[in-house]
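# Commentary on secondary and tertiary structure
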Amino acid sequence: MSPITAWEKLQQNLHGEDFHQIYNDHFPIEVRQLLSPWFETKAWTEIDPDNLEHEGYIKGLFVSFVDELVSKANSMVTNEQFVSKLKLIDTAKLYKEKYSQNPKELIRIIKKCLESESIMAQQNNSLMEVNVKSSQELENIEITQQMDLISNHITHTNEIRITIQSDIDSFNILYSECSKCSQHLQHMRNQRMSIPQGPEIERKLKQEKELYEGQLKTQSLSLNNALCVYINKLNESLNLLSPVQAHIIDKALIQWKREQQLAGNGYKYMKDIDVIQTWCEKLCDLIWITRSQIKEADRFRVNLGRYFELPQSCEIINTLLDMTTQYLSSLVASTFVIITQPPQVLKTNTRFVAEVRLLIGGKLNIHMTSPVVKVSIVSESQANQIIGRNKPDGESCGEILNCTGKMEYQPVQRHLSTNFRSMQLKKIKRTEKKGTESVMDEKFSILFSSKFFIGNELQFEVWNLSLPVVVIVHGNQDPHAWATVTWDNAFAEPGRVPFNVPDKVPWRNVAEALNMKFSAATGRGLSEESLTFLAEKAFRMQNVDFNHMVLSWSQFCKEPLPQRSFTFWEWFYAVMKITREHLKGPWTDGAIMGFIRKSDAEEMLTRYATGTFLLRFSDSELGGLTVAWAGSNDSDAYSLHPFSAKDLSIRNLADRLLDLPYLTKLYPDIDKNQAFGKYYTQPPNISTPVTSNGYLKPLLVTHVPGWGGPGTNGQGMNSYPNTPQNHMFHVNSPGNCSIRETSSVHSEPVNNMMAFGNDSLEMDFSSNLNDISHVDEAFF
């Protein structure tokens, strides 16, 4: 699903009567519709109309709201918009007259409407989750009912089989009696002259033989008809089995595999493989019973063929037998699945795990033979050849250690599986690269294969290819490798030729993939404003409707951003990494705005109280988080040099913000301690500075020269200073500074202090902002 705005989601999820319950003449729904982008930029959940500390912010919000109404009205120039324009102008005038002296009343009305939206949306989302669950339960019920129908049909067919067997037994007895009578009659004919009563006995034997033959003829016709009915029933069984098997294999299993691939980008599974296994096991039983019944039909044909002809029965039975073998083969091959995929970014000489399972392994005594599974790595071209021949050819383009294992059966879970816990890729053979291709663009696949027998008559060779794998040798190849994997996971089409993916994709689909990835990694998704920011960055343009634009693979991860040495994906990946490793709590809380241009952030802050600050991801540094705050003058706003992952590993974000006393309110008006207090580390006990080993323990403190520091007042901090001296300015984003003439306060790059008592010693901790250390492959 493509990402849409919150208002669009609301329109999809709520009905007309729901909106009528929320909105009225006090706050017309037309205003909500036309100003929806403006509403979504404000932190309504943090606004408290009854909090005296919020009065200043509320007055500013009211003025901004009325101005936005007038601005929106003035932008309406067409005849079709004339009525809406008049209504907006009248509404703006009404609000000015009614709420200018008491703006919090209007804000309270708006906040209540938006809260009602949120409650209804949550209720609707819960209902949708229930509907999804109900849909799955309904699917399970339907498949179970169909299998019960097939089972009943097979039971009835078996009753026919039992009746035929009984009739054949009777026919054999009758035929034996008839044969004896014929032999006796022949004997009497040979002894006719020596036995006085011979002619009479012969006459009676002849009558008896004719009676037997009549009965045999009647029974043979009955048996022939019964066998035809039986064969037709077997054909009906296969006709009933076919759509059920197609649904399980071609829909349910394929959907599960697709969800498994999307899970590589953070998608949450909807289908349960254990439920699918139960279906497959039941289906396997039904196919095997039907196959046994068909073999019984063939045995009947052979037995009765000694007595009379059964036209075409042999050909029909053989066809049905071939069909059941085909059904069984397809089921066995399709249910050899990879439960735990190998890491899609695979580093050489690094241990990795995988698990394969045969879903019907507990059936047909397959688990008694403990099949062996072999593992190898194949190139993209080899994967194509394997699929084309529907058979692995034994070729490999690399060397994997610990690449064989026996399937083990767990009776309680009914799992016949192999867990590979310590495989390692030692060598890899790559193809020749062309043009701008790199080793991080090349895709491989891990091949799992096995052979086994069923019933000492059917041999199966099963195999499965893993999701595409990118092989790397160093951690600095991670970002591009994950770009290849993310693009493939998101945009792989069903039934594709491995591992083809489109070169250009609609932005809405890209945004959905980025949102899914970021949400899974950090615990919170991306807002529509954040996605718009990302679109502007990816397309290198602003103020454009991106919903109908397509993004190329080259724009995504090949072409450097303007005036930068890194690509869009490298920047996004670094942001995602630092957020997951160092900022997850504040990001999940909504305390980090993140995706906003420097100029926009500083422009916003100039309208707020001194000391109001926000946190955004750096445009110019990979994996950098910067602090922007409002200065003492209305036109002043400053940006701190970005913190890197290395900086935040030395001292966390919350403690660094605590070190800076002039940062007082998180945008728009949230007390800093309220927003970040739970992330502060416990301060050292300065009354006992000497530790057990006799050493004094230093405290690292973030300090910006000229902006206050430890030991400068009663609390160890200066009061809010005037404009800092020029030596503290550092222009760290020339692209943004060309838009707005503001400087960034540089903390050299992060000045930390070892402090105890009233003495302090400044220490300079250098950081490489471009350093992106290797991350565990389980991250993405």
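What you see is a predicted model, and the numbers here were worked out from it, not measured in a lab.

Each value, and the rule that gives it
- Residues numbered from 1 in each chain as written.
- Predicted model: local features only at pLDDT ≥ 70, side-chain atom pairs only at ≥ 80, totals over all residues.
- Heavy atoms only, no water.
- Pairing = 2+ DSSP bridges.
- Helix = DSSP H or I, 4+ residues; strand = E, 2+ residues; numbered from the N terminus.
- Axes fitted to C-alpha atoms, helices over the stretch in contact; angles between N-to-C directions.
- Polar contact = N/O pair within 3.5 Å; in protein donor to acceptor, adjacent residues only side chain to side chain.
- Contact = heavy atoms within 4.5 Å.
- pLDDT = per-residue confidence, 0-100.
- Left-handed = near helix turned anticlockwise from the far one by under 90°.
- Nonpolar A, V, L, I, M, F, W, Y, C, P; charged D, E, K, R; others polar.
- Salt bridge = Lys/Arg side-chain N within 4 Å of Asp/Glu carboxyl O.
- Buried < 20%, exposed > 50% of the residue type's maximum accessible area, 1.4 Å probe, protein only.
- Parallel < 35°, antiparallel > 145°, perpendicular 65-115°, else oblique.
- Phe/Tyr/Trp six-rings, centres within 6.5 Å; stacked < 30°, edge-to-face > 60°.
- Lys NZ or Arg CZ within 6 Å of the ring centre and 35° of its normal.
- Patch = residues over 30% accessible without salt bridge, like charges linked within 9 Å, V, L, I, M, F, W, Y side chains within 5 Å.
- Areas by Shrake-Rupley, 256 points an atom, 1.4 Å probe, with all protein chains shown as cover.

### Re the sheet that holds strand β9 (residues 444-454)
The sheet built from 4 strands is open, its strands ordered β6-β4-β9-β10 with antiparallel pairing. A strand with exactly one partner marks an edge of an open sheet, and here the two such strands are β6 (404-406) and β10 (458-465). When strand polarity is set aside, the average angle formed by the axes of neighbouring strands in this sheet is 25°. Two elements, strand β4 (residues 372-379) and β6, share 3 bridges in a ladder whose sense is antiparallel. Looking across to β6, one finds that V373 is bridged to G405.

### Quick look at the side chain of R161
Within the secondary structure, R161 is located in helix α7 (residues 103-190). Only 2.8 Å separates the side chain of R161 from the side chain of N158, close enough to count as a polar contact. Apart from the residues within four sequence positions on either side, R161 is in contact with Y230, E296 and F300.

### Points about the side chain of E281
Summarising the element assignment, E281 is placed in helix α9 (residues 273-305). Not counting the four nearest positions on each side in its chain, E281 is found in contact with L359, I360, K363 and R414.

### Quick word on the confidence of the model for the chain
Looking at the chain, the pLDDT average stands at 82 and 83% of residues meet or exceed 70. Here residues 1-5 scores under 50 on pLDDT; set against residues more than four positions off or in separate chains, the count is 14 contacts.

### Describing the packing of helix α12 (residues 478-491) against helix α13 (residues 507-522)
Following both chains from N to C, one finds α12 and α13 inclined at 115°, their axes separated by 10 Å at the closest point. The two elements α12 and α13 cross, and the hand of that crossing is right-handed. Counting all contacts with α12, which are made through W482, T486, A490 and F491, the residues of α13 involved are N509, V510, A513 and K517. Its residues placed into classes, the contact of α12 with α13 shows 5 nonpolar, 2 polar and 1 charged.

### Things to note about the pattern of salt bridges
Scanning the model with the defined rule gives 22 salt bridges in all. Here K363 and D285 are joined by a salt bridge, their closest N and O atoms 3.1 Å apart. Residue K363 is located in the loop between β3 (351-358) and β4, and its partner D285 is located in helix α9; the two are separated by 78 residues in the primary sequence. We note a salt bridge from D619 to R616, for which the minimum N-O separation is 3.9 Å. The same class applies to D619 as to R616, namely buried. A cluster of three or more residues bridged by salt bridges with shared partners is formed by R161, E296 and R299.

### A look at the environment of A630
Within the fold, A630 resides in strand β15 (residues 625-630). Spatially, the C-alpha atoms of A630 and G611 are 5.4 Å apart, while their sequence positions differ by 19 residues.

### A short note on the packing of α13 against helix α16 (residues 568-582)
It is the contact of α13 with α16, at a shortest axis distance of 9 Å, that shows an interaxial angle of 25°. Put simply, α13 runs roughly parallel to α16. Between α13 and α16 lies a crossing of right-handed hand. On the side of α13, the interface is formed by L514, K517, F518, A521 and T522, while α16 contributes F568, W569, F572, V575, M576, T579 and R580.

### Quick notes on unusual backbone geometry
For residues that are not glycine, phi is negative in most cases, and the peptide bond is trans in most cases. Geometrically, the link from P498 to F499 is a cis peptide bond, its omega value of -10° lying close to zero. Mapped onto the elements, F499 comes out in the loop between α12 and β12 (504-506). Geometrically, the link from Y667 to P668 is a cis peptide bond, its omega value of 5° lying close to zero. Among the structural elements, P668 can be located in the loop between β17 (665-666) and β18 (670-671). Even without glycine at this site, S370 takes up a positive phi of about 45°. Within the secondary structure, S370 sits in the loop between β3 and β4. Its relative accessible area of 27% is what places S370 among the partly exposed residues. One non-glycine residue, Q563, lies in positive phi territory at about 60°. Inspection of the secondary structure puts Q563 in the loop between α15 (553-557) and α16. Given a relative accessible area of 63%, Q563 falls into the exposed group.

### Overview of the environment of T664
Within the secondary structure layout, T664 lies in the loop between α20 (653-659) and β17. Judged by relative accessible area, which is 33%, T664 ranks as partly exposed. Residues T664 and F613 lie 51 residues apart in sequence; the distance between their C-alpha atoms is 7.5 Å. Leaving out residues up to four positions away in the same chain, T664 has contacts with T610, G611, T612, F613, I670, D671 and K672.

### Section: the packing of aromatic side chains
Tallying each qualifying case throughout the model produces 33 aromatic pairs. When the ring of W507 is compared with that of F539, the centres are 5.8 Å apart and the planes differ by 70°; the resulting orientation is edge-to-face. With W507 in helix α13 and F539 in helix α14 (residues 528-539), this pair connects stretches of sequence that are 32 residues apart. Neither residue differs from the other here; W507 and F539 are each classed as buried. When the centroid spacing of 5.7 Å and the interplanar angle of 40° are considered together, the rings of W569 and F572 count as tilted. Placement of both W569 and F572 in helix α16 is noted, with a separation of 3 residues, approximately one turn of the helix. In this pair, the class of W569 matches that of F572, namely buried. Here the guanidinium or amino end of R524 rests over the ring plane of W587, the centre of that ring lying 4.0 Å away. K537 extends its terminal NZ or CZ atom over the ring of W571, reaching a point 4.6 Å from the ring centre.

### Examining a nonpolar patch on the surface
A contiguous nonpolar surface patch, about 310 Å² in accessible area, is contributed by F82, V83 and L86. The topology assignment puts V83 in helix α6 (residues 82-99). For V83, a relative accessible area of 64% corresponds to the exposed category.

### Concerning the pairing of β9
In regular strands, side chains alternate between the two faces of the sheet. Buried residues dominate β9, accounting for 9 of its 11 residues. Of the strand pairs in this sheet, β4 and β9 are connected by 7 bridges, and their pairing is antiparallel. Looking across to β9, one finds that S376 is bridged to L447. Relative to β10, β9 runs antiparallel, the two sharing 8 bridges. Paired with S450 across the two strands is V462, which belongs to β10. Linking two consecutive strands that pair antiparallel, namely β9 and β10, is a turn of 3 residues; a positive phi of about 65° is found at G455 within it.

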